[in-house]
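As a plain string of letters, each chain reads:
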Amino acid sequence: MTQSSALKGILALVAGIAIFSVQDLILKLISGDYPLHQAMLLRSLTAIPFLLAITRYFDGTLRTLISPTWPAMLARGLLNFCAYTLYYLALAALPMATTVALYFTAPLMIVVMSVFILGEKVSAPRWIAVAMGFAGVILMVRPGGDLFDWAALLPILCSVAYAGSMIMARVMGTRDSAAAMAFWGNLAFLACAAALALVFGWGGSGEGVHPSLAFLTRGWVWPTPWDMFLMMSCGFIAAVGLTLLTQAYRVAQSSVVAPFEFTFAFWGILWGWLFWGDLPDALGWAGIGVIIAAGVYVLRSEGVKETT
């Protein structure tokens, strides 16, 4: 792996996380009124033309979508669907900061999986960066009593599924493009969301039910024009975000880019401040400093080391 590919992977990951954070915000805002499967179905349908355009632009042809490895790409999409569904169900019940903190076991799992599954050699700076990043997140969010809610298990399970899907992206990246993997992943989202809609679409309002279960089992609600726009805008967000995240783990070693997953915490703070009036205290800002230091540490250590 060259320094250039590492930098490209890091930039793609940071950009993809920033874009996806907007989708998280939208789904958090609508989680009390609409079911998750409705939002995911509208999102997946809207994403199709954008993903086709992305594939045509970056791959130069749509033929990359017709690959003999499509079952593997579809399987990776199913794993991704499980990851994001678990995360969004947790987001409906837990504060955003708590959900983000629990999700951040994912970078650790990605690094560990990269060692045992991919056989990657993880340098000391990368291990230190992961540990620093995780410590920074704990400083920022300091999850408390909400951890006793059973929904707190959901983002941890999400991190396992997400780590597995990104490891698969690294393995499949030698033969499939990021755009193709994102397209097939979106088809898996579409199929799963449609299946959930058939099962739960005729359900009730979810009143009196745990927020996570209500977000999953609530029946379809005819959206307002603005809410319809928000849910459909997630299609564009998902098309670009999925492509960037897949590209990140496709071109660079998983253990190199994984520490930069922690940048998602910045967006959690920003949206929490803008929409709920929450700002970090002194320890929270200290956590931000630690996360920035972790990222700079990886960049400098990878920059001065020549790898092949």
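Residues numbered from 1 in each chain as written. Predicted model: local features only at pLDDT ≥ 70, side-chain atom pairs only at ≥ 80, totals over all residues. Heavy atoms only, no water.

Undergrad: An account of the side chain of Ser-21 is needed here, citing residue identities and associated values.
TA: As for its placement among the helices and strands, Ser-21 is situated in helix α1 (residues 3-30). Exposure remark for Ser-21: the relative accessible area of 0% places this residue in the buried category. Sequence-distant contacts of Ser-21, that is, excluding residues within four places in its chain, are made with Phe-264, Trp-267 and Trp-271. (Helix = DSSP H or I, 4+ residues; strand = E, 2+ residues; numbered from the N terminus. Buried < 20%, exposed > 50% of the residue type's maximum accessible area, 1.4 Å probe, protein only. Contact = heavy atoms within 4.5 Å.)

Undergrad: Account for the side chain of Thr-243, naming residues and giving values.
TA: Assignment of secondary structure puts Thr-243 in helix α10 (residues 225-251). At 2.7 Å, the side chain of Thr-243 and the backbone oxygen of Ala-239 are in polar contact. In contact with Thr-243, other than residues within four places in its own chain, are Leu-51, Ile-54, Ala-178, Ala-179, Ala-182 and Ala-238. (Polar contact = N/O pair within 3.5 Å; in protein donor to acceptor, adjacent residues only side chain to side chain.)

Undergrad: Just give me the short version of the pattern of salt bridges, but keep the residues and values in it.
TA: Tallied over the full model, the rule gives two salt bridges. Between Arg-170 and Glu-120 there is a salt bridge, and its shortest N-O distance comes to 3.7 Å. Placement of Arg-170 in helix α7 (residues 153-172) and of Glu-120 in the loop between α5 (106-116) and α6 (124-141) is noted, with a sequence separation of 50 residues between them. By relative accessible area, Arg-170 is classed as partly exposed at 22%. Glu-120 sits in the buried class, given a relative accessible area of 10%. A salt bridge links Arg-175 to Asp-176; the shortest N-O distance between them is 3.8 Å. (Salt bridge = Lys/Arg side-chain N within 4 Å of Asp/Glu carboxyl O.)

Undergrad: Explain the packing of aromatic side chains residue by residue, including any values.
TA: The description of an aromatic ring pair uses the distance of the two centres, along with the angle that the planes make with each other. For the coordinates displayed, the defined rule picks out 14 aromatic pairs. Pairing Tyr-84 with Tyr-162 gives two aromatic rings, centres 6.4 Å apart and planes at 90 degrees, and the pair type is edge-to-face. Linking Tyr-84 in helix α3 (residues 70-93) with Tyr-162 in helix α7, this pair joins segments that are 78 residues apart in sequence. By the burial criterion, Tyr-84 is buried, and Tyr-162 matches it. Ring centres of Phe-183 and Trp-184 lie 6.4 Å apart, and the angle between their planes is 90 degrees; on these two criteria the pair is classed as edge-to-face. A relative accessible area of 11% places Phe-183 in the buried class. Taking the relative accessible area as the measure of exposure, Trp-184 reaches 16% and is therefore buried. Connected via pairs of aromatic rings, a cluster forms that spans Phe-20, Phe-81, Tyr-84, Tyr-87, Tyr-88, Tyr-162, Phe-189 and Phe-264. (Phe/Tyr/Trp six-rings, centres within 6.5 Å; stacked < 30°, edge-to-face > 60°.)

Undergrad: Give a description of the environment of Ala-131 that names residues and reports values.
TA: Inspection of the secondary structure assignment puts Ala-131 in helix α6. Each C-alpha atom, one on Ala-131 and one on Pro-107, is 9.7 Å from the other, the two residues being 24 residues apart in sequence.

Undergrad: Talk me through helix α4 (residues 96-103); I want residue IDs and the actual numbers.
TA: Within α4, seven of the eight residues are buried, leaving the element largely enclosed by the surrounding structure. Of the positions making up α4, those classed as buried are Met-96, Thr-98, Thr-99, Val-100, Ala-101, Leu-102 and Tyr-103.

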